[in-house]
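# Working through the structure, step by step
Here are the chains, one letter per residue:
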Amino acid sequence: MEQVTRVLIVDDDPLVRSGLRMMLSGAEDIEVVAEAADGTEVLPLVEAHRPDLVLMDIRMPRMDGLRATAELRRGPRPPEVLILTTFTTDGYVLEALRAGAAGYVLKHTPPSQIVAAVRNVVAGEPVLSPAAVKQLIGAVTGGGEEAAGARPDDRGEAERLLGLLGGREREVALAVALGRTNAEISASLYMSVPTVKAHVSHILTKLDLNNRVQIALAVYRAGLV
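Owing to the predicted nature of the structure, the values given are computational and were not obtained by experimental measurement.

### Considerations on unusual backbone geometry
- Positioned with a positive phi, Arg77 is a non-glycine residue whose angle comes to about 45°.
- Its place among the elements puts Arg77 in the loop between α3 (65-73) and β4 (80-85).
- Despite not being glycine, Tyr190 has its phi angle at roughly 55°, a positive value.
- Looking at the element boundaries, Tyr190 is found in the loop between α10 (182-189) and α11 (193-207).

Right, dumping it as structure tokens:
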């Protein structure tokens, strides 16, 4: 029987929520279990409905999606978070990823791609829109770090963290930063997919990170890509 992904939609616009519900409900393997109009509603609804993924807007009246994501991801066994927004400034992208979001997609993305993004994030594959990737690369290579609030010692800290990894773990971390899937890493590094998943899990634990996107951020900040 196909695994059904449970989704919580968070957006202050009721029309957007309605459209997203209709879009996602059309997929047999996705179920919208609840909706929220503000970040303050996220934790109680997650506790009540136990979604696998939260589809999160950024700008909301009382608590924005960035703060809601950070609070959610600090909890035990949190759901994945996929940011769905109209904003692509490097500050927003970096803050969302640092907060623990596993993806960042724009609202004008075609419906089929949004559905695919939900599936990919739940499967452990990070998802970034092309515009978000552009902002991220600009920020971590120096073009937008001041605007993104990066600290001068970010590179040194990233290098220290990556120094905690073993040789194969560093190879996997680099492959993750290059956007490769588990299957692609398996083929390129000549290891099984379960072994790749185990390495990724060990990297997250050693570096105290939330997801693959944060592994990529650390690799970029260390200057390895």
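After that view, the rundown keeps rolling.
### Here we look at the pattern of salt bridges
- Applying the stated rule across the entire model yields 13 salt bridges.
- Here Glu71 ties to Arg67 by a salt bridge, and the two come within 3.3 Å at their closest N and O atoms. Separated by 4 residues within a single helix, Glu71 and Arg67 lie in helix α3, roughly one turn from each other.
- Among the salt bridges present, the one from Glu171 reaches Arg168, with a minimum N-O distance of 2.6 Å. Of this pair, Glu171 and Arg168 both sit in helix α9 (residues 167-177), 3 residues apart, roughly one helical turn.
- For Glu171, a relative accessible area of 35% translates into the label partly exposed.
- For Arg168, a relative accessible area of 35% translates into the label partly exposed.
- Each of the salt bridges in this network shares a partner with another, and the network as a whole consists of Asp11, Asp57 and Lys107.

### A few points about helix α12 (residues 212-221)
- Within α12, 10 of the 10 residues are buried, which leaves it mostly tucked inside the rest of the structure.
- Among the residues of α12, Arg212, Val213, Gln214, Ile215, Ala216, Leu217, Ala218, Val219, Tyr220 and Arg221 are the ones counted as buried.
- Backbone geometry just after α12 places Gly223 at a positive phi near 80°.

### Looking at the sheet that holds strand β3 (residues 53-56)
- The sheet built from 6 strands is open, its strands ordered β2-β1-β3-β4-β5-β6 with parallel pairing. Lying at the two open borders of the sheet, with one neighbouring strand each, are β2 (30-36) and β6 (127-128).
- Pairing of strand β1 (residues 5-10) with β3, which is carried by 4 bridges, proceeds in the parallel orientation. Counted as the bridge partner of Val10 is Met56 from β3.
- Sheet strands touched by α3: β3 and β4. Its angle to β4, the strand with the most contacts, is close to 175°.
- Contacting β1, β2, β3, β4, β5 (103-106) and β6, helix α5 (residues 111-122) runs over the sheet at an angle of about 155° to β4.

Rules of the game
- Residues numbered from 1 in each chain as written.
- Predicted model: local features only at pLDDT ≥ 70, side-chain atom pairs only at ≥ 80, totals over all residues.
- Heavy atoms only, no water.
- Helix = DSSP H or I, 4+ residues; strand = E, 2+ residues; numbered from the N terminus.
- Salt bridge = Lys/Arg side-chain N within 4 Å of Asp/Glu carboxyl O.
- Buried < 20%, exposed > 50% of the residue type's maximum accessible area, 1.4 Å probe, protein only.
- Pairing = 2+ DSSP bridges.
- Contact = heavy atoms within 4.5 Å.
- Axes fitted to C-alpha atoms, helices over the stretch in contact; angles between N-to-C directions.

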